[in-house]
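Residues per chain are reported as follows:
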Amino acid sequence: MRLVEINFDGLVGPSHNYAGLSLGNLASASHGGDPSYPRAAALQGLDKMRHNLALGLAQGWLAPLPRPNHAFLAALGLGEPADAAETRLRAAAWSASSMWTANAATVSPAPDTADRRCHLTAANLVTMPHRAQEWPETVRQLRLAFADTAHFAVHDAVPACFGDEGAANHMRMAASHAAPGIELFVYGRPGGRFPARQHEQASRAVARLHGLDPSRTLFIEQSAEAIEAGAFHNDVVAVANERVLFTHESAFADPAGTYAAIRAALPEAEIVEVPAAAVSLADAIRSYLFNAQLLSLPDGEMGLVIPTEAWDMPAVRGWLDAMLASNGPIRRVLPVDVRQSMANGGGPACLRLRVVADPATVDPRFLLDAARIDLLAGVVKHLWPEQIDPADLGRESLAHSVRAARAALLDAASLGELG
Ligand code: SUG
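Just so it is clear, the model here is predicted, and its values are computed rather than measured.

Peer 1: In this structure, what is going on with the site of the ligand? I would like to understand it.
Peer 2: Residues in close proximity to the ligand total 20 residues, the closest being Leu21, Ser22, His130, Arg197 and Asp235. Between Arg197 and the ligand, the recorded distance is 2.8 Å, taken from a side-chain N or O atom to an oxygen atom. Within the side chain of His233, a nitrogen or oxygen atom sits 2.9 Å from a nitrogen atom of the ligand. The protein chains hide 99% of the 490 Å² of surface that the ligand would expose on its own. Broken down by class, the residue content of the shell around the ligand amounts to 7 nonpolar, 10 polar and 3 charged.

And the structure:
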């Protein structure tokens with residue numbers, strides 16, 4: 001077994017649009033109503049995959065879900081809605097939100113689990129109607145990609161009474177990817193201005209389903225201040241990789257207690273904390289500095305894949321330059337352009353689901369090399385709509401081209417089962 005980290009990026013779907021559907025996600029709210037550019041969005045995502053593959057890393061992908069979701073509208077008793085309240089539900093049925101695969105599932109690699117299989121639990125995403133419809137199709141795709149039951153267990157989502165947003169609120173730390181790790185579940189306490197999307201009971205259920213060792217599992221409260229400032233998921237203010245936690249000072253309700261618990265469970269842990277005095281919480285969230293991919297590069301160094309928005313913000317750049325000049329564990333900063341996703345609140349980290357596994361145990365149709373990225377990009381260039389205006393949602397001609405684009409993609413990728 002050769003356990004490595006594989007990042008599975010969601011390919012941005014042909015119905016990508018800005019509908020302002022996510023309360024508490026400031027980018028989604030501020031871009032609601034803007035025209036979107038699905039072709040550019042998907043190509044930006046594919047360029048990020050190409051970038052990370054060229055670093056020598058394993059790269060996978062997940063296909064967009066079928067949209068528009070007529071079954072969702074029909075279950076709500078809606079045909080072609082006309083009034084304003086129903087317009088939001090129609091936009092929900094068109095949402096390409098499955099592109100943010102950090103919310104697809106929570107993943108516990110084999111070294112952490114009781115049965116030594118890698119466990120994945122699909123996230124129910126119940127807090128937001130446009131996302132709550134994702135998980136049955138997501139789980140179908142995960143059961144295809146990780147069909148080898150000797151190495152993987154894929155669980156249905158936990159009951160909808162407990163909100164679960166998947167890996168966006170889960171971090172794993174370990175001496176190395178293949179070593180037994182500690183798992184950190186971050187939940188929010190409800191009652192604030194914005195919804196706390198991750199419920200503590202959902203996190204505890206996932207940990208039980210995965211057979212995690214309670215002495216190596218931490219349940220950490222997210223700071224109310226962070227949620228209030230727009231950190232609708234923990235991965236907007238913290239990211240971990242192997243022994244390193246990279247976090248904003250204001251990410252957790254009890255930072256000192258959290259760091260002490262991490263160090264007690266994993267003595268080699270290194271915590272890189274960005275103080276609010278250097279980068280304010282508002283700038284951290286606006287720039288998405290922490291919605292980064294913290295990656296172990298083949299040469300042994302760690303690299304931080306950040307959105308160009310973070311690189312371009314003076315306070316953030318100043319802090320990053322000082323970090324690189326110091327002797328810290330993060331040695332490289334790698335900016336990428338994912339602007340179309342960023343405008344809906346999805347940075348580099350949102351676009352990927354991390355799975356530590358032996359690539360030989362994964363369905364090869366979900367793994368990428370340069371030629372397969374070119375293949376997917378060819379379909380996108382040819383068939384993804386160039387632009388969608390909010391008023392286009394609901395048009396039968398657009399629905400037809402969106403469905404045809406996805407069908408051609410599945411055909412090219414030999415994934416007809418998902419049709
Ligand atoms: O759930 N945005 C997504 C962004 C998810 C980001 N994921 C992570 N942080 N891991 C969300 O809020 C906006 C859709 C719209 O408004 O059209 C949206 O769903």
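Peer 1: What is the right way to look at the environment of Arg352 in this model?
Peer 2: Mapped onto the secondary structure, Arg352 falls in strand 15 (residues 352-357). For Arg352, a relative accessible area of 7% corresponds to the buried category. Separated by 303 residues in sequence, Arg352 and Met49 have C-alpha atoms that sit 9.5 Å apart. When neighbours within four sequence positions are excluded, Arg352 is seen to be in contact with Asn7, Phe8, Asp9, Lys48, Thr101, Ala102, Val239, Ala292 and Gln293.

Peer 1: Please explain the packing of helix 2 (residues 38-54) against helix 14 (residues 370-383) as it appears in this structure.
Peer 2: Pairs of packed helices are described in terms of their axes, by the angle between the two and the distance that separates them. Remark: helix 2 packs on helix 14, axes separated minimally by 10 Å, with the N-to-C direction vectors making an angle of 175 degrees. As the angle between them shows, helix 2 and helix 14 are arranged roughly antiparallel. Contacts from Arg39, Ala42, Leu43, Leu46, Met49, Arg50 and Leu53 in helix 2 reach Ala370, Ile373, Asp374, Leu376, Ala377, Val380 and Lys381 in helix 14. Counted by class, the contact of helix 2 with helix 14 contains 10 nonpolar, no polar and 4 charged residues.

Peer 1: How should I be thinking about helix 2 in this particular structure?
Peer 2: The α-helix advances 3.6 residues per turn, and as a result positions three or four apart in sequence lie on the same side. Here helix 2 is 17 residues long and its end C-alpha atoms lie 24 Å apart, about the 24 Å a rise of 1.5 Å per residue gives. For helix 2, the set of buried residues is Pro38, Ala41, Ala42, Gln44, Gly45, Leu46, Lys48, Met49 and Asn52. Directly after helix 2, the chain includes Gly56, whose backbone phi takes a positive value near 95 degrees.

Peer 1: Can you walk me through the environment of Leu78 in this structure?
Peer 2: Relative to the elements of secondary structure, Leu78 occurs in the loop between helix 3 (70-75) and helix 4 (84-94). Considering only alpha carbons, one finds Leu78 and Leu89, 11 residues apart in sequence, at a separation of 8.9 Å. Sequence-distant contacts of Leu78, defined by excluding residues within four places in its chain, comprise Leu73, Glu86 and Leu89.

Peer 1: So what exactly am I meant to see when it comes to the pairing of strand 1 (residues 4-10) here?
Peer 2: Looking down a regular strand, the side chains alternate between one sheet face and the other. Of all 7 residues that make up strand 1, 6 are buried, and the element is covered over most of its length. Sheet topology places strand 1 next to strand 2 (residues 58-62); 5 bridges connect them, and they run parallel. The residue of strand 2 that forms the bridge with Ile6 is Ala58.

Peer 1: Hey, could you run me through the packing of helix 14 against helix 15 (residues 396-412) in this one?
Peer 2: It is the contact of helix 14 with helix 15, at a shortest axis distance of 10 Å, that shows an interaxial angle of 160 degrees. Regarding the angle of helix 14 to helix 15, the classification is roughly antiparallel. Helix-helix and strand crossings are classified by hand; for helix 14 and helix 15 the assignment is right-handed. Here Leu375, Leu376, Val379 and Leu383 of helix 14 come into contact with helix 15, specifically with Ala405, Ala408, Leu409 and Ala412. The residue makeup of the contact of helix 14 with helix 15, split by class, is 8 nonpolar, no polar and no charged.

Peer 1: Just checking my understanding: could you explain unusual backbone geometry for this structure?
Peer 2: It is generally the case that most residues other than glycine have a negative phi and that most peptide bonds are trans. Of the consecutive residues Arg67 and Pro68, the connecting peptide bond is found in the cis state with omega at -5 degrees. By secondary structure assignment, the location of Pro68 is in the loop between strand 2 and helix 3. Phi angles above zero are rare outside glycine, and Glu242 is one such case at about 45 degrees. On the secondary structure map, Glu242 appears in the loop between strand 9 (238-241) and strand 10 (244-248). The buried category is assigned to Glu242, whose relative accessible area is 15%.

Reading the values: rules and limits
- Every residue gets a number counted from 1 within its own chain, in the order that chain's sequence is written.
- Under the rules for a predicted model, residues below a pLDDT of 70 receive no local features and side-chain atom pairs below 80 are neither given nor counted, while totals for whole chains, interfaces and linings still include all residues.
- In computing side-chain properties, one takes all heavy atoms of the structure into account and sets aside hydrogens as well as water.
- Proximity is defined per residue: any heavy atom of the residue falling within 4 Å of a molecule or strand makes that residue near it.
- In the analysis that follows, any N or O atom pair within 3.5 Å is treated as a polar contact, provided that within protein one partner can donate a hydrogen and the other can accept it, and provided that, for residues neighboring in sequence, both atoms belong to side chains.
- Only the protein chains shown count as cover for residues, with accessible areas throughout obtained via the Shrake-Rupley method and a probe of 1.4 Å.
- Classification used: nonpolar for Ala, Val, Leu, Ile, Met, Phe, Trp, Tyr, Cys and Pro, charged for Asp, Glu, Lys and Arg, polar for all others including Gly.
- Helix and strand assignments come from DSSP, with helices taken as H or I runs of at least 4 residues and strands as E runs of at least 2, each series counted from the N terminus.
- Three labels apply to residues, based on accessible area from a 1.4 Å probe with only protein chains included: buried if under 20% of the type maximum, exposed if over 50%, partly exposed otherwise in between.
- In what follows, residue pairs with any heavy atoms lying within 4.5 Å of each other are defined as contacts.
- Only the contacting stretch of a helix is used when fitting its axis, a line to C-alpha atoms as for every element, and angles between N-to-C directions run 0 to 180 degrees.
- In what follows, roughly perpendicular refers to angles from 65 to 115 degrees, roughly parallel to angles under 35, roughly antiparallel to angles over 145, and oblique to any angle outside these ranges.
- Here a helix's expected span is defined as the number of its residues, less one, multiplied by 1.5 Å.
- Strands are labelled as partners when DSSP assigns at least two bridges between them.
- In this scheme, a crossing is called left-handed if the near helix is turned counterclockwise away from the far one by less than a right angle; it is called right-handed if the turn is clockwise.

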